[in-house]
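# Understanding the architecture of this molecule
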Amino acid sequence: MTGIDPTPDQPPHRPLVAILSGAGISTDSGIPDYRGPNGLWRRDPEAEKLVTYDAYMGDPEIRRRSWRMRQESPAFRARPNAAHEAVARLERSGTPVRVITQNVDGLHQRAGMPDRKVLELHGTVRAVTCTRCHARSSMEEALARVAAGEPDPACLVCRGILKSATVMFGERLDPQVLGTALGVAKAAEVFLAVGTTLQVQPAASLAGVAAEHGARLIIINAEPTPYDELAAEVIREPIGSALPRLLAELTEHPSN
């Protein structure tokens, strides 16, 4: 026999797993969602102005209120929960994982996901950027200035208006980040939409793109979404228990 069967020595095929995460994945960390039945925008419609670009840029009082809101944001006190940790554990197992998140809290990275494997569609609350010269610095530094008595801190480089490095209402998503996310959605063999209503475009369309390109679409969300009919599986259980269990199964049976 001249040939050697390589099959026994071949590692199991590990599919590319893409995870689109929304606000629901972070509620167990104490960060409220925005559009759910008890979401912030439903409870306080005025709060939406604080993260609307034109209102923010045109009204100093809106900016001062925004900085006070940032001081009180639960995102800075939040810790990763079981769902974030399960995603990071899957990545450490050797499974190719990419996270596409609508969240700005940075909890995927704090749980251990490498920065380069997390695409933050809506930016991050952990940094600030100047709207004039685009200089970038830490949110921690800006909030320290607010606490020291600057209610609307200006850019230290050019004195322009500072904002959080998040995508406000009225701003476009970063085309490079969105383009990379689109490529991940097309390449994924398994695409999980977790804790997202799949109503905010263009992020929501990534689920449809993944399904159209042959991915196994799994949706974990408390409420129905417009993409449920395309999904191979829809899970209504709490994310903190459902996602760790599902990802553990992917680790044990990567080719399923």
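Described in the following lines is the structure provided in the data block. Please read all numbers here as calculations on a predicted model, not as lab measurements. (Residues numbered from 1 in each chain as written. Predicted model: local features only at pLDDT ≥ 70, side-chain atom pairs only at ≥ 80, totals over all residues. Heavy atoms only, no water.)

## Considerations on the sheet that holds strand β5 (residues 136-138)
Adjacent strands of a sheet form backbone hydrogen bonds with each other and so pair up, either parallel or antiparallel. Judged by pairing direction, the sheet is antiparallel, and its 3 strands sit side by side in the order β5-β4-β6 without closing on themselves. The open sheet is flanked by β5 and β6 (162-166), the only strands paired with a single partner. For this sheet, the mean angle separating the axes of adjacent strands, direction not counted, is 45°. Inspection of the sheet shows strand β4 (residues 123-130) paired to β5 by 3 bridges, in the antiparallel sense. The residue bridging A127 from the neighbouring strand is S138, located in β5. Its contacts with the sheet put helix α6 (residues 139-147) on β4, β5 and β6, and the angle it makes with β5 is roughly 70°. (Pairing = 2+ DSSP bridges. Helix = DSSP H or I, 4+ residues; strand = E, 2+ residues; numbered from the N terminus. Axes fitted to C-alpha atoms, helices over the stretch in contact; angles between N-to-C directions. Contact = heavy atoms within 4.5 Å.)

## Here's the deal with the layout of surface pockets
By volume, the second largest pocket amounts to about 410 Å³. For the lining of the second largest pocket, the secondary-structure elements that each account for two or more residues are β4 and β6. The element best represented in the lining of the second largest pocket is β4, accounting for 4 residues. The residue inventory of the lining of the second largest pocket, partitioned by class, reads 7 nonpolar, 6 polar and 6 charged. (1 Å grid on protein atoms, 1.4 Å probe; cavity = no way out; pocket = protein on both sides within 12 Å on 5 of 7 lines; lining within 4 Å. Points joined across faces, edges and corners; volume = space filled by probe spheres on them. Nonpolar A, V, L, I, M, F, W, Y, C, P; charged D, E, K, R; others polar.)

## Overview of the pattern of salt bridges
All told, the structure shown has 9 salt bridges when counted by the stated rule. Two residues, E150 and R145, come together in a salt bridge whose shortest N-O distance is 2.9 Å. Assessed through its relative accessible area of 30%, E150 is described here as partly exposed. Since its relative accessible area comes to 12%, R145 is described here as buried. A salt bridge links R245 to E237; the shortest N-O distance between them is 2.8 Å. (Salt bridge = Lys/Arg side-chain N within 4 Å of Asp/Glu carboxyl O. Buried < 20%, exposed > 50% of the residue type's maximum accessible area, 1.4 Å probe, protein only.)

## Details of unusual backbone geometry
Trans peptide bonds make up most of the peptide bonds, and negative phi angles are found at most residues other than glycine. Residue Q201 is joined to P202 through a cis peptide bond whose omega torsion reads 5°. Inspection of the secondary structure puts P202 in the loop between β7 (190-194) and α8 (205-212). Despite not being glycine, H134 shows a phi value in the positive range, around 70°. The residue H134 is located in the loop between β4 and β5 in this model. Here R159, not a glycine, exhibits a phi torsion of approximately 70°, which is positive.

## Here we look at the pairing of β7
Among the 5 residues of β7, 5 are classified as buried, and the element is accordingly described as predominantly covered. Covered by surrounding structure in β7 are V190, L192 and V194 together with F191 and A193, the residues of both alternating faces. Pairing of strand β1 (residues 17-21) with β7 involves 5 bridges; the strand directions are parallel. Opposite V17, over in β7, you have V190 as the bridge partner. For β7 and strand β8 (residues 216-220), the ladder comprises 5 bridges, and the chain directions are parallel. Across the sheet, the residue bridging to V190 is R216, located in β8. Of the crossover connections in this fold, the one passing from β7 over α8 to the parallel β8 is right-handed. (Right-handed = clockwise from strand over helix to strand, strands pointing away.)

## Looking at the sheet that holds β1
Spatially, 6 strands are ordered β3-β2-β1-β7-β8-β9 in an open sheet, and the strand pairing comes out parallel. Only two strands of the sheet have a single partner each, and these edge strands are β3 (118-120) and β9 (233-235). Neighbour-to-neighbour, the strand axes of the sheet open up by a mean angle of 15°, direction not taken into account. Lying over the sheet, helix α4 (residues 82-92) contacts β1 and β2 (97-101), oriented at roughly 150° with respect to β2. Where α8 meets the sheet, its contacts fall on β2, β7 and β8, and the angle it forms with β7 comes to roughly 160°.

## Overview of the packing of helix α3 (residues 60-71) against α6
Two elements in contact, α3 and α6, have axes whose closest approach is 10 Å; the angle formed by their N-to-C orientations is 115°. Overall, the two elements α3 and α6 adopt an arrangement that is roughly perpendicular. When the axes of α3 and α6 are compared, the crossing they make is left-handed. On α6, the residues touching W67, R70 and Q71 of α3 are M139, A142, L143, V146 and A147. Residues belonging to the contact of α3 with α6 are distributed by class as follows: 6 nonpolar, 1 polar and 1 charged. (Parallel < 35°, antiparallel > 145°, perpendicular 65-115°, else oblique. Left-handed = near helix turned anticlockwise from the far one by under 90°.)

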